[in-house]
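Reading the structure
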Amino acid sequence: MNYENILSKTTNGITSITINRPKKLNALNKATIEELHEAFKAADKDKNTKVIIITGSGDKAFVAGADISEFADFNVNEGGKLAAQGQAILFDFVENLKTPVIAAVNGFALGGGLELAMACHFRIASSNAKMGLPEVSLGVIPGYGGTQRLPQLVGKGRAMEMVMTAGMIDANQALSYGLVNHVVEPDQLVPLAEKIASKIMRNSSVAIGKAIKAINANYTDGKDGYKVEIKQFGKCFGTEDFVEGTTAFLEKRKAEFPGK
Ligand code: COA
């Protein structure tokens, strides 16, 4: 599929999605959100894609937020709809994919950009990355899950401070907050993402998908994560990957998992 605002390519089990509006610091307009939805959906369905890496093009920004020029004249209903649609097709959608998604944060990740990174399963950052939720400086609040995911990741007090001050933290502070897992020099960011992806790919994609479901259940209202874990654990016993994984271990060989 041809996209106008993003790039997507699949090589050696990894689908790399790059938001490609560098002149607008990769700000998320409606068209980009829709294209991201299509690209993530296709990658999740694709049997050859074991890991998805998302990053921003250029050396300045991952994503500098939702595109302010598109919503500056919205009314109450339009504002509510913007958040609801975005959460449904991109932010919640990415969080609930069965394929692991790594955010490679290569510069500014602000507002919707940080929210997108937080919807990914985990994040790594380049040393020049800067992260924040500046929405209150514009008279709105984070609307793509930021008020929920930031406290989950960094704790309530830090999230409150970040949101209220509308300030940015640098990559090392994000690392100390647990917002990102690793910080490396910019030219090492994608290689690190690929290295982590290659470790993930050695394991059962089917089991990983079920683990994502169980972990996410802990953060979903009305769900008992322990019950979800028990159910998903049980389901693993009916999979070819389980037969292969345990058989390979007992035969002292490397498992060759059939795939997604
Ligand atoms: N929405 C729409 N356009 C944006 C944008 C956004 N969130 N962030 C950056 N851009 C655009 C700028 O308008 C500018 O476009 P132009 O060249 O046509 O005028 C271009 O991207 C470059 O940005 P600029 O502000 O000139 O870069 P800078 O290096 O001076 O500043 C930032 C970088 C990130 C500090 C600044 O762009 C910024 O504050 N962006 C908004 C961040 C934000 O509030 N995000 C939350 C939105 S809810």
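First, a word on what this report is: a plain description of the structure on this page. (Residues numbered from 1 in each chain as written. Predicted model: local features only at pLDDT ≥ 70, side-chain atom pairs only at ≥ 80, totals over all residues. Heavy atoms only, no water.)

**A look at helix H11 (residues 240–250)**
- Taken together, the buried positions of H11 are Asp 241, Glu 244 and Ala 248. Projected onto a plane normal to the axis of H11, the buried residues spread over an arc of 65° and lie on a single side. Exposed positions of H11 whose direction lies more than 90 degrees from the buried face are Phe 249 and Leu 250.
- Contact partners of the buried residues in H11: helix H9 (205–217).
- Lys 252, located one to two residues past H11, shows a positive phi value of around 55°. (Buried < 20%, exposed > 50% of the residue type's maximum accessible area, 1.4 Å probe, protein only. Helix = DSSP H or I, 4+ residues; strand = E, 2+ residues; numbered from the N terminus. Arc of directions from axis to C-beta. Contact = heavy atoms within 4.5 Å.)

**Brief notes about the pattern of salt bridges**
- Applying the stated rule across the entire model yields 8 salt bridges.
- Residue Asp 44 is joined to Lys 98 by a salt bridge in which the shortest nitrogen-to-oxygen separation is 3.5 Å. A residue pair is termed long-range when its members are at least 10 positions apart, and Asp 44 in helix H1 (residues 30–45) and Lys 98 in the loop between helix H3 (76–95) and strand S5 (101–105) qualify at 54 residues.
- Among the residues examined, Lys 98 registers a relative accessible area of 43% and is labelled partly exposed.
- The residue Arg 253 makes a salt bridge to Glu 251 at a minimum N-O spacing of 2.8 Å.
- Its relative accessible area of 36% is what places Arg 253 among the partly exposed residues.
- Linked by salt bridges that have partners in common, Asp 92, Glu 95 and Arg 149 make up one network. (Salt bridge = Lys/Arg side-chain N within 4 Å of Asp/Glu carboxyl O.)

**Notes on the sheet that holds strand S9 (residues 168–170)**
- Taken in spatial order, the 4 strands of this open sheet run S4-S6-S8-S9, and their pairing is mixed. Where the open sheet ends on each side, the last strands, each with one partner, are strand S4 (61–63) and S9. Geometrically, the sheet is characterised by an average inter-axis angle of 20° between neighbouring strands, direction not taken into account.
- On the sheet, helix H4 (residues 112–119) packs against S4, strand S6 (108–110) and strand S8 (130–132) and is oriented at approximately 90° with respect to S6. (Pairing = 2+ DSSP bridges. Axes fitted to C-alpha atoms, helices over the stretch in contact; angles between N-to-C directions.)

**With respect to the packing of H3 against H4**
- For the pair H3 and H4, the least separation of the axes is 7 Å and the interaxial angle reads 35°. For the pair formed by H3 and H4, the contact residues are Leu 90, Phe 91, Val 94 and Glu 95 on the first element and Gly 112, Glu 115, Leu 116 and Ala 119 on the second.
- Residues belonging to the contact of H3 with H4 are distributed by class as follows: 5 nonpolar, 1 polar and 2 charged. (Nonpolar A, V, L, I, M, F, W, Y, C, P; charged D, E, K, R; others polar.)

**Some words on the environment of Leu 28**
- Here Leu 28 lies in the loop between strand S2 (14–19) and H1.
- Residue Leu 28 is classed as buried on the basis of its relative accessible area of 2%.
- Considering only alpha carbons, one finds Leu 28 and Leu 116, 88 residues apart in sequence, at a separation of 9.7 Å.
- In this structure, Leu 28 is in contact with Ile 19, Ile 33, Leu 36, Val 63, Gly 65, Ala 66, Asp 67, Phe 91 and Gly 112, ignoring residues within four places of it in sequence.

**Some words on the packing of H4 against helix H5 (residues 146–154)**
- Interaxial distance between H4 and H5 falls to 10 Å at its minimum, and their mutual angle equals 55°. Here H4 is positioned oblique relative to H5, judged by the angle of their axes. For the element pair H4 and H5, the recorded crossing hand is left-handed. Contacts from Glu 115, Met 118 and Ala 119 of H4 reach H5 at Gly 146, Arg 149, Leu 150 and Leu 153.
- Here the residues of the contact of H4 with H5 sort into 4 nonpolar, 1 polar and 2 charged. (Parallel < 35°, antiparallel > 145°, perpendicular 65-115°, else oblique. Left-handed = near helix turned anticlockwise from the far one by under 90°.)

**Considerations on the site of the ligand**
- Not every one of the 15 residues close to the ligand is listed here, only the nearest: Lys 24, Lys 60, Ala 64, Ala 66 and Ile 68.
- A distance of 2.9 Å separates a nitrogen atom of the ligand from a polar atom in the backbone of Ala 66.
- Between a nitrogen atom of the ligand and a main-chain N or O atom of Ile 68, the distance comes to 3.0 Å.
- Protein chains shield 60% of the accessible area of the ligand, which is 860 Å² for the free molecule. (Near = heavy atom within 4 Å. Polar contact = N/O pair within 3.5 Å; in protein donor to acceptor, adjacent residues only side chain to side chain. Areas by Shrake-Rupley, 256 points an atom, 1.4 Å probe, with all protein chains shown as cover.)

**Looking at the pairing of strand S3 (residues 51–56)**
- With 6 of 6 residues buried, S3 is to be regarded as a mostly interior element.
- Neither face of S3 is exposed, since Val 51, Ile 53 and Thr 55 on one face and Ile 52, Ile 54 and Gly 56 on the opposite face are all buried.
- By the bridge criterion, 6 bridges tie S2 to S3 in an arrangement that is parallel. Residue pairing for S3: Thr 18 is matched across the bridge by Thr 55.
- Handedness of the crossover is the feature at issue here: the chain leaves S2, passes through H1, returns alongside S3, and the resulting connection is right-handed.
- Pairing analysis gives 3 bridges linking S3 to S5, with the strands arranged parallel. In the sheet register, Ile 52 faces S5, and the bridge partner there is Val 101. (Right-handed = clockwise from strand over helix to strand, strands pointing away.)

Purely geometric numbers; function is a separate question.
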